[in-house]
Amino acid sequence: MSKPASFDDNLKDLRRTINELVTRADGQILKRAHEAQARVELLASSTSPPEEQARLAMLYEVSRTFGSSLDQTEALNQVMDAVINLTGAGRGCVLLIMPDTGELDIQAARNFEKQDLDDEEMQVSRTVINEVFKNGEGIVTSDAQTDTRFADHVSVMRYSLRSVLCVPLRVRGEIIGVVYVDNAAKSGLFDAHDLEMLEALATQAAVAIENARLYTQTDAALSQRVSELETLQRIDRELNTGLDLDRVLELTLEWAITETNAHGGWIAIRSGETSIMSIVAGIGKGSSFAYDGGQIALEQIIPFQSAAKLSSAIHLVVPVRREDEVIAFIGVLRKQGPFSPDARPYLHRLAEHAAVAIENTRLYRSVQAANLAKSQFISVVSHELRMPMTAIKGYADLLRQAAAGPVSEKQIKYLETIQSNVSRMEMLVSELSDISRIETGRMKIIIRPLQLEKYIRETVAGLMPQFKKKQQSIAIKVSKNVAYVNADPARLVQVLTNILSNASKYTPEKGKIRIGVDVDAAYASVRVMDNGIGISTADQADLFSQFFRSDDPIVRDQQGWGLGLHVSQRLVQLMDGKIGFESELGKGSTFWFSLPVSAEGD
Ligand code: ADP
């Protein structure tokens, strides 16, 4: 089926026919054809008068920009410009319904005096606007002063408004606002055509405004969510870099307060396995409240609230859970004005992230406390063991020297066994007490410039009987520019003794031990090389751990507790130095340590 021809097509056809007639006809027929031509043109122009066509073109033109911007302010400005252009009004404004108040509010305006907009009762006809909004029908008047519909409209009369034009902005049947234009000076500015035109414009404008509004809202919500994620990521990063509970609490509280726009806040943590929640950060720090499950009632935290005179504030409290257990609470408060709807979900998310960090630091604290208890126990025990050991050793010595009467060969052998075992115990007690002193921070290190070579030679001399016993050769090579290092004399000797005595212990008879000393700009390094049993790669990883000894029977044959290297490492670190080794099983080992060089000597 062919489409029925439109009015325009018919018109075109008619014009062509008449034109043909005009070219071919003459006389009476030509005259008639001219008449017909004139009537057709009249008909054409009366259907679509030139100003109407111009207005349609303008409507098309002004609304073309709509939708080109997703920025709400810009979209509103485009609409405002279009309205003024199209209507030729003196001034105008766009009012939109505010989602939070439900009230109409001016969102864009042209040619209004600033004070008119600020005035509570603006110099626009609020009554007209309200009516358009309520009824959803556009209103036009060419002279409001004589229009009976406005006779009782106070604002229309008060501001002597004459031409007024106002249409609703509708999206999917719902009114989202109104467009208003007026002119106080001129009457007869607007007519029914203008109303129709503005209504046509408003249809497109409403969609453009709504799109921009939705986009702005989504955009704002999205960027808020992104910035929140960034904060949470930072929280995770910062919270997990340290194991300091106070720092974790301080950071969590700071973020809770700033991100929820609160005036203050607090964090309470469950004390051990009890039902007591102790406030450990923020307002009310130091006080506590009981919590045994369920919802937390604000009355529970009343003591600190009233103490802080904040009982009238608005509180937001969320639990911090680890698995199913509530391990803490985060609370924030505002002295006046409500929290934004995003505050609670944000706080919940913050609590989830903080939970892991709080739990980690709490575990770390309890491990630290257990460690401290262990160190204190060792310190007490080693102190208590020293006295009886000194007595055993002393009396065994006296017995051996026959101070209590003659002793047989056999008795001397037994007494020597007692003495050697007591020395082993003494070594253990002294190494254990060193460890406990280091761990509890009670190890006193007094750093002063020491002539390194002198200390090396003295220590070697002290160990000479040990080397001699195994017929081991010992060589010392010190580079010329080594002079002084900053170290604690007793601890330097302890480290040297341990490394040199190990070299002797784990090197067979007639083995070679060489000591070399080098220096660079900042450090002097001592290297002790032996051609002994060496250390397997598997053992190398554990060498500095407490109580580590190789399973090698040669090692087990030697006296030792596997604490010497651990203590040496800690001591070197306390003196700002480094310690290490290289070794190959069956070939030998090189142990080295470095200490800061000193400019001055003693
Ligand atoms: P101890 O000598 O009392 O066992 P250390 O902590 O001084 O304890 O040494 C730990 C372990 O490291 C030793 O038991 C031994 O297995 C290994 N070790 C240390 N020094 C050497 C060395 N020079 N050669 C081979 N093994 C060594």
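Look up a bit, the structure's there.
Residues numbered from 1 in each chain as written. Predicted model: local features only at pLDDT ≥ 70, side-chain atom pairs only at ≥ 80, totals over all residues. Heavy atoms only, no water.

Chemist: What should I look at first to understand the pairing of strand β6 (residues 264–270) in this one?
Modeler: Counted residue by residue, β6 has seven buried out of seven residues, so it is predominantly covered. In this structure, β6 lies alongside strand β10 (residues 325–334), joined through six bridges in antiparallel fashion. Following the sheet pairing, Ala268 is matched in β10 by Phe329. When β6 meets strand β7 (residues 276–282), the two strands line up antiparallel, connected through five bridges. Paired with Trp266 across the bridge in β7 is Gly282. The hairpin formed by β6 and β7 contains five residues between the paired strands, and Gly272 there has a positive phi angle of roughly 55 degrees. (Buried < 20%, exposed > 50% of the residue type's maximum accessible area, 1.4 Å probe, protein only. Helix = DSSP H or I, 4+ residues; strand = E, 2+ residues; numbered from the N terminus. Pairing = 2+ DSSP bridges.)

Chemist: How should I be thinking about the nonpolar core in this particular structure?
Modeler: Nonpolar side chains tend toward joint burial in soluble globular proteins. Core analysis: the largest hydrophobic core is formed by 43 residues, its most contacted members being Leu452, Ile456, Leu492 and Phe593. Dropping the residues within four chain positions of it, Leu492 is found in contact with Leu450, Leu452, Tyr455, Met575, Phe593 and Leu595. Of all hydrophobic cores here, the second largest spans 32 residues; its members include Phe66, Met80, Val94 and Leu165. (Core = buried A, V, L, I, M, F, W, Y, C linked by side-chain atoms within 4.5 Å. Contact = heavy atoms within 4.5 Å.)

Chemist: Before we go on, may I ask you to explain the sheet that holds strand β1 (residues 91–97) in this structure?
Modeler: One key point about sheets: their strands pair by backbone hydrogen bonds, in either a parallel or an antiparallel sense. Across the sheet, which stays open at both edges, the five strands sit in the order β2-β1-β5-β4-β3 with antiparallel pairing between neighbours. What marks the edges here is a single partner per strand, and that holds for β2 (104–110) and β3 (139–141). Strand-to-strand twist across the sheet, computed as the mean angle between neighbouring axes with direction ignored, equals 20 degrees. Bridge analysis of β1 against β2 gives six bridges, and the strand direction is antiparallel. Bridge pairing in β2 links Ile97 to Leu104. (Axes fitted to C-alpha atoms, helices over the stretch in contact; angles between N-to-C directions.)

Chemist: Would you mind showing me how to read the site of the ligand here?
Modeler: Neighbouring residues of the ligand: 22 residues in total, closest Asn502, Tyr506, Asp530, Arg549 and Leu565. At 2.6 Å from an oxygen atom of the ligand is found a side-chain nitrogen or oxygen belonging to Arg549. Taking Leu565, its main chain carries an N or O atom lying 2.8 Å from an oxygen atom of the ligand. Surface burial for the ligand is 98%, taken as the share of its 530 Å² of free accessible area covered by protein chains. Contributing elements (two or more residues each) for the shell around the ligand: α14 (489–505), α17 (564–574) and β17 (588–596). For the shell around the ligand, the element with the most residues is α14, which contributes four residues. (Near = heavy atom within 4 Å. Polar contact = N/O pair within 3.5 Å; in protein donor to acceptor, adjacent residues only side chain to side chain. Areas by Shrake-Rupley, 256 points an atom, 1.4 Å probe, with all protein chains shown as cover.)

Chemist: Any chance you could explain the sheet that holds β6 here in plain terms?
Modeler: Reading across from one edge, β8-β7-β6-β10-β9 is the order of the five strands in this open sheet, with antiparallel pairing throughout. Single-partner strands in this sheet number two, and they are β8 (288–290) and β9 (314–322). When the angles between neighbouring strand axes are averaged without regard to direction, this sheet yields 25 degrees. In the packing of helix α9 (residues 245–259) onto the sheet, the strands contacted are β6, β7 and β10, and the crossing angle to β6 comes to about 140 degrees. The sheet strands contacting helix α11 (residues 343–400) are β6, β9 and β10, and the helix crosses β9 at an angle near 40 degrees.

Chemist: Looking at this structure, I do not really get the pairing of β17. What am I missing?
Modeler: Note on strand geometry: in a regular strand, side chains alternate between the two faces of the sheet. Buried residues dominate β17, accounting for eight of its nine residues. Judged from the eight bridges that link them, strand β15 (residues 523–530) and β17 form a sheet pairing that is antiparallel. In the sheet register, Ala524 faces β17, and the bridge partner there is Leu595. Across seven bridges, the pairing between strand β16 (residues 578–584) and β17 is antiparallel.

Chemist: Before we go on, may I ask you to explain the environment of Ser598 in this structure?
Modeler: Its place among the elements puts Ser598 in the segment after β17. The spacing of Ser598 and Ala524 is 74 residues in sequence and 9.4 Å in space, taken between C-alpha atoms.

Chemist: Whenever I open this one, the packing of aromatic side chains confuses me. Can you help?
Modeler: The geometry of an aromatic ring pair comes down to the distance between the two centres and the angle between the two planes. As enumerated under the stated definition, the model contains five aromatic pairs in all. Ring geometry for Tyr291 against Phe329: centres 4.8 Å apart, planes inclined by 85 degrees, an arrangement best described as edge-to-face. In this pair, Tyr291 is assigned in the loop between β8 and α10 (302–307) and Phe329 in strand β10, connecting sequence segments 38 residues apart. The exposure class assigned to Tyr291 is buried, which follows from its relative accessible area of 4%. Ring centres 6.0 Å apart and planes at 50 degrees place the aromatic pair Phe544 and Phe581 in the tilted group. Of this pair, Phe544 sits in the loop between α15 (537–540) and α16 (553–557) while Phe581 sits in strand β16, and the two are 37 residues apart along the sequence. Classification of Phe544 as buried rests on a relative accessible area of 16%. The exposure class of Phe581 is buried, given its relative accessible area of 17%. An aromatic cluster is defined as three or more aromatic residues linked by ring pairs; in this entry it consists of Trp266, Phe289, Tyr291 and Phe329. (Phe/Tyr/Trp six-rings, centres within 6.5 Å; stacked < 30°, edge-to-face > 60°.)

Chemist: Would you explain the side chain of Ser501 in this entry?
Modeler: Its place among the elements puts Ser501 in helix α14. Discounting chain neighbours no more than four positions away, the residues touching Ser501 are Leu463 and Gln466.

Chemist: Sorry if this is basic, but what is going on with unusual backbone geometry here?
Modeler: Across the chain, the bulk of peptide bonds are trans and the bulk of non-glycine residues have phi less than zero. A positive phi angle, close to 45 degrees, is found at Arg172, a residue other than glycine. With respect to the helices and strands, Arg172 occurs in the loop between β4 (163–171) and β5 (174–183). Phi is positive for Asn261, close to 60 degrees, though the residue is something other than glycine. Structurally, Asn261 is set in the loop between α9 and β6.

Chemist: What should I look at first to understand a nonpolar patch on the surface in this one?
Modeler: A surface patch of nonpolar side chains, amounting to about 330 Å² of accessible area, comprises Phe377, Val381, Leu385 and Met425. Residue contributions to the nonpolar patch peak at three residues, all from α11. Among the secondary structure elements, Met425 is positioned in helix α12 (residues 409–439). Classification of Met425 by relative accessible area gives partly exposed; the value is 37%. (Patch = residues over 30% accessible without salt bridge, like charges linked within 9 Å, V, L, I, M, F, W, Y side chains within 5 Å. Salt bridge = Lys/Arg side-chain N within 4 Å of Asp/Glu carboxyl O.)

Chemist: Hey, could you run me through the pattern of salt bridges in this one?
Modeler: Pairing of side chains with opposite charge becomes possible as their charged atoms draw close. The full count for this structure, using the stated rule, is 15 salt bridges. Asp143 is the partner of Arg162 in a salt bridge, and the nearest nitrogen-oxygen pair spans 3.1 Å. Of this pair, Arg162 sits in the loop between α7 (154–158) and β4 while Asp143 sits in the loop between β3 and α7, and the two are 19 residues apart along the sequence. Judged by relative accessible area, Asp143 falls into the buried class, the value being 15%. For Arg437, the salt bridge is made with Asp434, and the minimal N-O distance between the two is 3.2 Å. Within this pair, Arg437 and its partner Asp434 are both found in helix α12, separated by three residues, close to a single helical turn. Of the residues examined, Asp434 reaches a relative accessible area of 4% and is grouped as buried. Residues participating in the shared-partner salt-bridge network are Asp434, Arg437 and Arg491.

Shape descriptors only; they carry no functional weight alone.
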